[in-house]
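# Coordinates in review
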Amino acid sequence: MRIELDDISLSFQPGTPFAVKALDRVSLMVRPGERLAIAGSTGSGKSTLLGVMAGILRPAAGRVLHDGQALSRKPRLQPGRIGLGLQSPENCLFEKTVFDDVAFAPRRMGLDGERLGQRVMWALECVGLDAAASATREPFSLSVGEQRRVALAGVIAAEPAVLLLDEPTAYLDPATRRDLLERLLAMNDERGTTMVVVGHDMDELAVFAERLVIMDDGRVAADGPADKLLKDEALLERYGLEAPGTVRLCRLLSGCAGREFAAVLDEEQAANLLQEIMGWGPGG
Amino acid sequence: MEQSIISLKNVSYAYPHAAGDQRVALSDITLDIREGEFIGLVGANGSGKSTLVRMLNALLVPVSGEVRVDGLLTSDRANHNRIRETAGMVFQNPDSQIVATSVEDDIAFGLENLGLPVEEIERRITTAARRFGVAGLLEREPHWLSGGQKQRVVLAGVVALEPRVLILDEPTSMLDPCSRRRFHSLVEDLWRGGATIIYITQLMDELAFADRILALDAGRVVFDGRPRDIFSSDELLERISLEPPLAVRLARTLARRGCELSPVPLTLSQLAEEICG
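On a predicted model such as this, the values are computed, not experimentally measured, just so you know.

What counts and what doesn't
- Residues numbered from 1 in each chain as written.
- Chains lettered and ligands numbered in written order.
- Predicted model: local features only at pLDDT ≥ 70, side-chain atom pairs only at ≥ 80, totals over all residues.
- Helix = DSSP H or I, 4+ residues; strand = E, 2+ residues; numbered from the N terminus.
- Rg over C-alpha atoms; globule rule 2.2 N^0.38 Å.
- Buried ≥ 20, exposed ≤ 12 C-beta atoms within 10 Å, placed from the backbone.
- Contact = placed C-beta atoms within 7 Å.
- Pairing = 2+ DSSP bridges.
- Right-handed = clockwise from strand over helix to strand, strands pointing away.
- pLDDT = per-residue confidence, 0-100.
- Axes fitted to C-alpha atoms, helices over the stretch in contact; angles between N-to-C directions.
- Parallel < 35°, antiparallel > 145°, perpendicular 65-115°, else oblique.
- Left-handed = near helix turned anticlockwise from the far one by under 90°.
- Nonpolar A, V, L, I, M, F, W, Y, C, P; charged D, E, K, R; others polar.

Helix and strand counts for chain B come out as ten helices and ten strands. Taken over the C-alpha trace, chain B has a radius of gyration of 20 Å; the compact-globule value for 277 residues is 19 Å, and the two agree within 12%. Taking the principal axes of its C-alpha atoms as reference, chain B extends roughly 65 × 45 × 45 Å. For chain B, the residues scored as buried account for 48% of the 277 residues in total. By sequence separation, contacts in chain B at least 24 residues apart represent 61% of the contacts at least 6 residues apart.

Here it is as C-alpha cells:
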C-alpha cells in the first residue's frame, strides 16, 4: 500500500496559549514495500507523523491518501491493511489471556480454529515469546518488556500490508531486538510488507532501513537513502542524533591514525579496517 | 567495614496470581549495596529486574527473607516514608508516574510531600527543570508531551527530591541519543556527588563506568562483578540475552582472526587508542 501525506499540518491544543505545532507542512510518500525509518529528537513530531499516516490523527490541513484514496473524515481502521504499534503498546492489552489478545485482530478478519491458532503462535514467535508457555498466561502477569512483545505480536498477527511501529525495540533485551529486526526484514522480503519504524538507535536503523527521514520541530529536515545519511555525523548531530558506532569509530580512528578513513556501517568492514591499521601502524 | 545502604537477605518473591499461573519472580537473593556504588542491573525481559528494584523502596516486600534500606526494614510499614525518601525511583513507563496537570506541578508534587519551604521548592524545580531541559515546558500539560519529553519530566521530578539512592528502570529508552548522552553525564555527576545509583538497562554501552554489574536470570543473581568480566563467558551472555558493546564485539572478531587486544577495550575510544597507540 502506498501512503501519501500532502502538505500536512497539525497542532495540539490549538486556540489555547499552549498550542504546539506538532507537524508543519509535511509532505511525504511511503512507497509499497519500502523500509522507512523516522528519527529525530524527542518532541520533533515522529509519533504524530505515524498517527497521521495510520489515519487515527486527523490533520488540521493537508490530505492523507492510502493507495491514492483520500481518507474520509472518519476512516475505519481495517485490520490487515495497516498495523500500528504504539509507543507504550502495553497500554493496549485488554484480554484475559495472551492468546486472546493476539487473536483479536485475526478473529475480526475471520480466522478461526487451527488457522487462528497457527497465526497466533507465529506472531508470538516473531516477538521471541515461547508461544506454548505464554499463550494461556494473563497479559498483566507479565513484565513490561514481555507485555510490549505481546502487544507487538497482536499488531503483527493481522499480517497487515503496512506496519507502522513506534520504537518497537525500546525495552526489549538485545537478543530479542536482533531477532525482531530479522523477522521484520523477512516479512518485508517475503511478503513485501511496507515498514515505517520510529527509532532512536542508529545502529539498529543502519541494519533495518533503506530510507531515513529526520524530523525536526514538526518538519522533515532530511529525507534520503539511510546508508548515506547515517554516515553523515554532522547532519545527525545537528538534529540531536548519534551516528552508528562504526561511523563514530571511523572518525576516532581518522583522528588518531593521522589519515582519513571513509565511514563504514558494517561490523565486518570495521574489523577489516582495524586489522589494516594494525598491520600498517607502528609495531604491527 | 563500609556501611551497606541496601541489603537483601534470602529474598524471594512470587506475584499472587490465579491458580496455575504461579511464577517465582525472585528466588533467594542475598546482596549488599554500599553507599556511593554505581550498579548496573541487567537481564532478559522477565528476569526479575523490575521486581527486584521494587523491593528497594518498599513497593513490594519479600514473601520470605528481608530487605533493609539504610538499616530500615521494608516489611515495617512505619518505615515506608523514610525508605522512599532515601530511595527515589524512575519507572519504565513515564505515564505511570505523572500525576499533575502541569509539568511544574508534577515536579513539585514530591517536593511538597516532603514539606519543604516554598522558596526551596521553587529553587529545586528551576534547577531540575534546567538540568533536564524541560524549563520551557513547565506550564504545559504532561498529557500532551511526547514520550521522550515525559521521560525527562519524570526524571526531573525524582532528581529534585535529591534521594541518596536513585533507582532508574530503563530511564533512557525513549530518549533521543543527544538527550541520552546528556542524561548519562547528569547521572554520572550525581554519582560523583555521592549518590548511590541502581541503573537497569538493556544497553551495555550505558554501563561503561559502572562499578559493578548484577545480572539476573529467572529471578536469580547469576553474575555480580566488574563490567569487563561479564563479557568473558559466552554462555552467560546468552543466558541473560545480553549483547557486548561494539568495541568488545570488534575486539572479539579481531581475536578470532589472530590479533588479541589486551586489555579488551570496552568503549570505542579505548579501542581506537589501543589500535593506534
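Here we come to the pairing of strand E7 (residues 165-169) of chain B. Residue and element names in this part refer to chain B. Within E7, five of the five residues are buried, which leaves it mostly tucked inside the rest of the structure. Going residue by residue along E7, you find Val165, Ile167 and Asp169 tucked away on one face and Leu166 and Leu168 tucked away on the opposite face as well. As judged from the five bridges shared by E7 and strand E8 (residues 196-200), these two strands associate in the parallel manner. When the bridges of E8 are listed, Leu166 appears paired with Ile197. As for the winding sense of the linkage, the β-α-β connection from E7 through helix H6 (residues 177-192) to E8 is right-handed.

The predicted coordinates ought not to be read in detail in places where the model reports low pLDDT. The predicted model of chain B has a mean per-residue pLDDT of 89, with 97% of residues at 70 or higher. Overall fold confidence for the complex sits at a pTM of 0.84, while the interface term, ipTM, reaches 0.81.

The next point concerns the sheet that holds strand E3 (residues 38-43) of chain B. Residues and elements named next belong to chain B. Read from one edge to the other, the open sheet built from six strands follows the order E6-E7-E8-E3-E9-E10, with strand pairing classed as mixed. The open sheet has two free edges, formed respectively by strand E6 (87-90) and strand E10 (220-225), since each of these has just one partner strand. Strand after strand, the sheet turns through a mean of 15 degrees between neighbouring axes, direction not considered. Judged from the five bridges that link them, strand E9 (residues 212-217) and E10 form a sheet pairing that is antiparallel. Looking at the pairing, Asp217 lines up with Arg220 of E10.

Topologically, Leu250 of chain B is positioned in helix H9 (residues 246-256). For the pair Leu250 of chain B and Val264 of chain B, spaced 14 residues apart in sequence, the C-alpha separation works out to 9.9 Å. In contact with Leu250 of chain B, other than residues within four places in its own chain, are Glu267, Ala270, Ala271 and Leu274 of chain A together with Leu271 of chain B.

Pairs of packed helices are described in terms of their axes, by the angle between the two and the distance that separates them. All names here are of chain A. At a minimum axis distance of 7 Å, the contact between helix H2 (residues 98-108) and helix H5 (residues 144-156) shows a crossing angle of 30 degrees. One way to sum up the angle between H2 and H5 is to call them roughly parallel. Judged by the sense of rotation from one axis to the other, the crossing of H2 with H5 is right-handed. Packed against H2, whose contacting residues are Val98, Asp101, Val102, Phe104 and Ala105, the element H5 presents Val150, Ala153 and Gly154 at the interface. Across the contact of H2 with H5, the residue classes break down as six nonpolar, one polar and one charged.

The next point concerns the sheet that holds strand E5 (residues 69-70) of chain A. Residue and element names in this part refer to chain A. Strand order in the open sheet formed by four strands is E2-E1-E4-E5, with antiparallel pairing between adjacent strands. Every interior strand has two partners, whereas the edge strands, strand E2 (20-30) and E5, have only one. The pairing of strand E4 (residues 61-66) with E5 spans two bridges and is antiparallel. Bridged to Leu65 within E5 is Ala70.

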